[in-house]
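The primary structure of each chain is shown beneath.
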Amino acid sequence: MLAYVNKAIAAGDLGSPGKAYLLKGMAYTRLNDYEQSLAALRQAGQYQDMAGQARQWSQYVEKKKERQDVSRELEFRSSLTRICAASRFAAVGPNGTCQ
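Remember, predicted model here, so these are calculated numbers, not experimental data.

1. Some thoughts on the overall build of the protein
Logical step 1: Helices and strands together make up the secondary structure of the protein, namely four helices and zero strands.
Logical step 2: Helices and strands in the protein line up, N terminus first, as α-α-α-α.
Logical step 3: By the compact-globule yardstick of 13 Å for 99 residues, the protein is too spread out, its C-alpha radius of gyration being 20 Å.
Logical step 4: With respect to the three principal axes, the spread of C-alpha positions in the protein is 65 × 25 × 15 Å.
Logical step 5: Across the 99 residues of the protein, 25% fall into the buried class.
Logical step 6: Long-range pairs, those at least 24 residues apart, make up 35% of the contacts in the protein between residues at least 6 apart in sequence.
Logical step 7: Taking the average place of the 14 positive charges on the side chains of the protein and the average place of its 9 negative ones, the gap between the two points comes to 5 Å.

2. Notes on the environment of Phe89
Logical step 1: The topology assignment puts Phe89 in the segment after helix H4 (51-86).
Logical step 2: Phe89 sits in the partly exposed class, given a relative accessible area of 41%.
Logical step 3: Once residues lying within four places of it in the same chain are set aside, the contact partners of Phe89 are Cys84, Cys98 and Gln99.

3. Here we look at the environment of Ala8
Logical step 1: By the secondary structure assignment, Ala8 is in helix H1 (residues 2-11).
Logical step 2: Note: C-alpha distance between Ala8 and Asn95 (87 residues apart in sequence) is 48 Å.

4. Observations concerning the packing of helix H2 (residues 17-30) against H4
Logical step 1: Put simply, H2 and H4 touch, their axes get as near as 11 Å, and they point 15° apart. Here H2 lies roughly parallel to H4, going by the angle between them. Crossing handedness for the pair H2 and H4: left-handed. Contacts from Leu22, Met26 and Thr29 of H2 reach H4 at Gln53, Ala54, Trp57, Tyr60, Val61 and Lys64.
Logical step 2: In terms of residue class, the contact of H2 with H4 is built from six nonpolar, two polar and one charged.

5. As for the confidence of the model for the protein
Logical step 1: For the protein, per-residue confidence averages 89 on the pLDDT scale, and residues scoring 70 or more make up 97% of the total.
Logical step 2: The secondary-structure element of the protein with the lowest mean pLDDT is H4, recorded at 88, while helix H3 (residues 34-44) shows the highest, at 97.

How each quantity is defined
- Residues numbered from 1 in each chain as written.
- Predicted model: local features only at pLDDT ≥ 70, side-chain atom pairs only at ≥ 80, totals over all residues.
- Heavy atoms only, no water.
- Helix = DSSP H or I, 4+ residues; strand = E, 2+ residues; numbered from the N terminus.
- Rg over C-alpha atoms; globule rule 2.2 N^0.38 Å.
- Buried < 20%, exposed > 50% of the residue type's maximum accessible area, 1.4 Å probe, protein only.
- Contact = heavy atoms within 4.5 Å.
- Lys, Arg positive; Asp, Glu negative; His and termini not counted.
- Charge placed at Lys NZ, Arg CZ, Asp CG, Glu CD.
- Axes fitted to C-alpha atoms, helices over the stretch in contact; angles between N-to-C directions.
- Parallel < 35°, antiparallel > 145°, perpendicular 65-115°, else oblique.
- Left-handed = near helix turned anticlockwise from the far one by under 90°.
- Nonpolar A, V, L, I, M, F, W, Y, C, P; charged D, E, K, R; others polar.
- pLDDT = per-residue confidence, 0-100.

As structure tokens, then:
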């Protein structure tokens, strides 16, 4: 879908360019590429007919991105704890090192 949306945007002369950018943002969200999604949604928000939907989608994507960041941090800490334990260290310190 993303290839078709990009092709349509590049060709121009769209009836609703804002909708194309909204679809692009939705496609990037589905791919978990939240930075690209938010960039496309910002572009969609520049069109009055899509501004409200773009804002709602942006809020949704920001929450997904935040959850992903927290999940990655927890995964990193869990991996580090296993590494420290395997190395016979007592714990992971506040600066992310084994102690």
